[in-house]
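What follows is each chain in one-letter form.
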Amino acid sequence: MKIEGKLVDVWSRSIYGAKLIIENGKIRSIEKLSDAPDMYIIPGFVDAHVHIESSMVTPANFAAVALRHGTIAVVSDPHEIANVMGEEGIDFMIKDGSKVPLKFFFGVPSCVPATKFETSGASLDADLVEKLIQRDDLYFLAEVMNYPGVINGDVEIHRKIQAAHRVGKPIDGHAPLLTGEELRKYVEVGITTDHECSTMEEAREKIRLGMKVLIRQGSAARNLDELLPLLKEHPDKIMFCTDDCHPDDLIRHHMNEFVRRAVSLNYDLFDVLRAVSVNPVLHYGLSVGLLREGDPADFLVVNNLKDFIPIKVFIDGQVVWDGKPTFDVNFSYQDVNRFHLNSFSLEDLKPNLSSCSQVKVIEVIDGQLLTRRLSVPTEEIKVEHGINKIVVLNRYKEAQPAVGYVRGFSIYEGAIATSVAHDSHNIIAVGASDEAIMKVIDSIQRMKGGMVLFDGQDLFELPLPVAGIMSSESVEKVAYKYQNLNDRAHSMGIPLRAPFMTLSFLSLLVIPELKLGDMGLFDVSKFQFTSLCD
């Protein structure tokens, strides 16, 4: 097979006419041409850190859409399904991804559960991580979220890190707002990346200490505008990632959006393309071609260097996208889930605030995973003051619901809920009344996973029966249902850009400042439970 066009050579940083000769899935030779067709051959895009589960579809269905945007490979942490299903969940993701041509590089989750302060469906202890990290189909130790454990010498997390070092596999980081001596201790154990930077100052300090920064532009956390200048300062230290990409965003764009926006802002084309291809491939040692002789024939053919819309996508020398996927994604799925039906009453949703003069309230920040801790007079803990009740219910065993308060949703009637609740994926709900909250939680339990909105009159549902966090339907179908839920949430007056995504991170106990887990209100800064009273 031969392909002719204008080759965008990220190694020589030049563009020239070329003919690629492809044999047995690899580029046998590249011949320069004085005259070539007016189309461009560029490296395929790599998402340097993504949780496939956040697309709410299986890996195969994810691939069918990501390829249309030029994404040929992903570095993926199966942390979400591992929290539900453990090793069985990791194996499910690998097996499903192997059915399609997109290259999935899964890692070993390092923090399942993320903390000892929540209930998950499984646990990956140091013994199991040591076994998994030796597998050839697992490529790295995924984000080390337990940064207090690293800093304070926790034996379990250090065993996991040492296991990765012994087999020579990279270790990903997760250290939001960490600085100074504590950051130095974190980096010194050999953690090499971070995707949680939200300011230039934070990112520069991590780069100075030897880390590589993954600029994130996901569905909830969006740091591209703030951090893109790093590409001019440290082009060899930057990668791009989505981290969490919901189906409505995946339908519209993926890694091509990073490239398009950066080039439109006059960032160097070759620096941009290297950040989305060369840098992750070299850092993680991926078997992904980079348009060199002898490389796997993985590349895109695009019509211009402005829109970066693929005409064709090649993986291992095969056309996998030419206006539509060239492979089948209609697979049947066995029951892959872990879901206990929990019972509780309205009285369980009524915390005793009689002794509180002030109440701790979680304040959400739109477009960020970070929250603020507020102290609000007890008499102002009312819906009409913009404060809603938030509830987390254990979905793995019988337990009482945890109750707190949150500002930022502005729900005056009805409620929303989801079992996509990082990291343990218990049920999380927020609403205007206890009755509405109970209604949406009951709906989640009946479906054994999903997203639900109750507008005060009608109930709207998105079932997610695969581990309670994914659907076996196409991205298009899931995106339509998810967008419908978001539209209805906005019509209820919720001002957040992605209300369900924002809700799903309010139980993530490793992102400051204040969160609610299934065991209670959690002060992330102190890394301990705290009372509702302030």
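In the block above lies the structure referred to throughout.
In this report, the structure presented in the accompanying data block is examined. Because the structure is predicted, anything quoted here is derived from the model rather than measured. (Residues numbered from 1 in each chain as written. Predicted model: local features only at pLDDT ≥ 70, side-chain atom pairs only at ≥ 80, totals over all residues. Heavy atoms only, no water.)

A short note on the overall build of the protein
Right, on to step 1. Secondary structure assignment for the protein yields 16 helices and 26 strands.
Right, on to step 2. Counting only contacts in the protein whose residues sit at least 6 apart along the sequence, the fraction spanning at least 24 positions is 69%.
Right, on to step 3. Averaging the positions of the 55 positive and the 74 negative side-chain charges in the protein gives two centres separated by 3 Å. (Helix = DSSP H or I, 4+ residues; strand = E, 2+ residues; numbered from the N terminus. Contact = heavy atoms within 4.5 Å. Lys, Arg positive; Asp, Glu negative; His and termini not counted. Charge placed at Lys NZ, Arg CZ, Asp CG, Glu CD.)

Structural notes on the pairing of strand β2 (residues 14–23)
Right, on to step 1. For β2, the tally of buried residues reaches seven of ten residues, placing the bulk of the element in the interior.
Right, on to step 2. Two strands pair when backbone bridges link them, and strand β1 (residues 2–9) and β2 are joined in this way by eight bridges, in the antiparallel orientation. The residue of β2 that forms the bridge with E4 is K19.
Right, on to step 3. Remark: two residues form the turn of the hairpin made by β2 and strand β3 (residues 26–33), two consecutive strands paired antiparallel; N24 in that turn has positive phi of roughly 55°. (Buried < 20%, exposed > 50% of the residue type's maximum accessible area, 1.4 Å probe, protein only. Pairing = 2+ DSSP bridges.)

Side note on the sheet that holds strand β26 (residues 528–529)
One key point about sheets: their strands pair by backbone hydrogen bonds, in either a parallel or an antiparallel sense.
Right, on to step 1. What the three strands build is an open sheet, ordered β24-β25-β26; its pairing is antiparallel. Edge positions in the sheet fall to β24 (514–517) and β26, since each has one partner strand and no second.
Right, on to step 2. Relative to β26, strand β25 (residues 520–523) runs antiparallel, the two being bridged by two bridges. Directly across from D523, in β26, lies its bridge partner Q528.

So, the state of the cysteines
Right, on to step 1. Summed over all chains, the structure comprises one disulfide.
Right, on to step 2. The partner cysteine of C356 in its disulfide is C533, sulfur to sulfur 1.6 Å. Its torsion about the S-S bond being -50°, the disulfide of C356 and C533 is classed as left-handed. Taken together, the positions of C356 in the loop between β15 (318–321) and β16 (358–364) and C533 in the segment after β26 put the pair 177 residues apart, joining distant regions of the chain.
Right, on to step 3. Here C111 is not cross-linked by a disulfide; its sulfur's nearest cysteine counterpart is in C241, at 17 Å.
Right, on to step 4. With no disulfide of its own, C197 lies 10 Å from the sulfur of C241, the closest cysteine sulfur. (Disulfide = S-S within 2.5 Å.)

Looking at the pairing of strand β6 (residues 71–76)
Right, on to step 1. Extensive coverage of β6 is indicated by the burial of six of its six residues.
Right, on to step 2. In terms of strand pairing, strand β5 (residues 45–50) meets β6 through four bridges, oriented parallel. Across the sheet, D47 pairs through a bridge with V74, a residue of β6.
Right, on to step 3. Note on the crossover from β5 through helix α1 (residues 59–66) to β6: the handedness is right-handed. (Right-handed = clockwise from strand over helix to strand, strands pointing away.)

Section: the nonpolar core
Right, on to step 1. Ranked by internal contacts, the top residues of the largest apolar core, which has 173 residues, are Y186, F240 and F409.
Right, on to step 2. Here the element with the most residues in this core is helix α13 (residues 269–284); it accounts for nine residues. (Core = buried A, V, L, I, M, F, W, Y, C linked by side-chain atoms within 4.5 Å.)

Concerning the pattern of salt bridges
Side-chain pairs of opposite charge can arise whenever the charged atoms involved come near each other.
Right, on to step 1. Per the counting criterion, the structure on display carries 37 salt bridges.
Right, on to step 2. One salt bridge connects E87 with K131, and the closest N-O pair in it is separated by 3.3 Å. Residue E87 is found in helix α3 (residues 87–97), and its partner K131 is found in helix α4 (residues 126–132); the two are separated by 44 residues along the sequence.
Right, on to step 3. Taking relative accessible area as the criterion, E87 reaches 23% and is therefore assigned partly exposed.
Right, on to step 4. The residue D91 makes a salt bridge to R135 at a minimum N-O spacing of 2.9 Å. Placement of D91 in helix α3 and of R135 in the loop between α4 and β8 (141–144) is noted, with a sequence separation of 44 residues between them. (Salt bridge = Lys/Arg side-chain N within 4 Å of Asp/Glu carboxyl O.)

Focus: the packing of aromatic side chains
Right, on to step 1. What the rule picks out here adds up to eleven aromatic pairs.
Right, on to step 2. Aromatic side chains F299 and F314 sit 4.6 Å apart centroid to centroid with 20° between the ring planes, which places their arrangement in the stacked category. Taken together, the positions of F299 in strand β13 (residues 299–302) and F314 in strand β14 (residues 310–315) put the pair 15 residues apart, joining distant regions of the chain.
Right, on to step 3. On the accessibility criterion, F299 (0% relative accessible area) is buried.
Right, on to step 4. On the basis of relative accessibility, which here comes to 1%, the residue F314 falls in the buried class. (Phe/Tyr/Trp six-rings, centres within 6.5 Å; stacked < 30°, edge-to-face > 60°.)

Regarding the environment of K6
Right, on to step 1. Along the chain, K6 falls in strand β1.
Right, on to step 2. On the basis of relative accessibility, which here comes to 26%, the residue K6 falls in the partly exposed class.
Right, on to step 3. When the C-alpha positions of K6 and L369 are compared, they lie 41 Å apart, and in sequence the two are 363 residues distant.
Right, on to step 4. Residue contacts for K6: discarding those within four places in its chain leaves I15, Y16, G17, A36, P37, D38, M39, Y40 and I41.
Right, on to step 5. At 3.2 Å, the side chain of K6 forms a polar contact with the side chain of D38. (Polar contact = N/O pair within 3.5 Å; in protein donor to acceptor, adjacent residues only side chain to side chain.)

As far as function goes, none of this settles anything; it's purely spatial.
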